[in-house]
Amino acid sequence: MNTPCKHPKVRVVAREEDTEFVECQECGEVFDSNEFRDMAIEETADKDEEG
Ligand SMILES: [Zn+2]
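Residues numbered from 1 in each chain as written. Predicted model: local features only at pLDDT ≥ 70, side-chain atom pairs only at ≥ 80, totals over all residues.

### Comments concerning the overall build of the protein chain
Of the regular secondary structure elements, the protein chain holds one helix and three strands. In the protein chain, which comprises 51 residues, the proportion classed as buried is 4%. (Helix = DSSP H or I, 4+ residues; strand = E, 2+ residues; numbered from the N terminus. Buried ≥ 20, exposed ≤ 12 C-beta atoms within 10 Å, placed from the backbone.)

### Looking at the environment of K6
Looking at the secondary structure, you find K6 in the segment before β1 (10-15). Residue K6 is classed as exposed on the basis of its 11 C-beta neighbours within 10 Å. Taking the C-alpha atoms as reference points, K6 and C24, 18 residues apart in sequence, are found 9.0 Å from one another.

### Here we look at the pairing of strand β2 (residues 20-24)
The sheet contact formed by β1 and β2 spans five bridges and is antiparallel. By the bridge assignment, R15 is partnered in β2 with E20. In this structure, the hairpin formed by β1 and β2 is closed by a connection of four residues. By the bridge criterion, three bridges tie β2 to strand β3 (residues 30-32) in an arrangement that is antiparallel. (Pairing = 2+ DSSP bridges.)

Pasting the structure below:
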């Protein structure tokens, strides 16, 4: 009984040169946004950047 999560809410947890790792707020899955790009990524504009 596993409902496939569509990862409606994700946040960036790590960032590399080419890769951005996002974590799903719903299921806690972590993956790189490159793979996630296929799906509709909802970028939650979190103004919390330094530099
Ligand atoms: Zn999810």
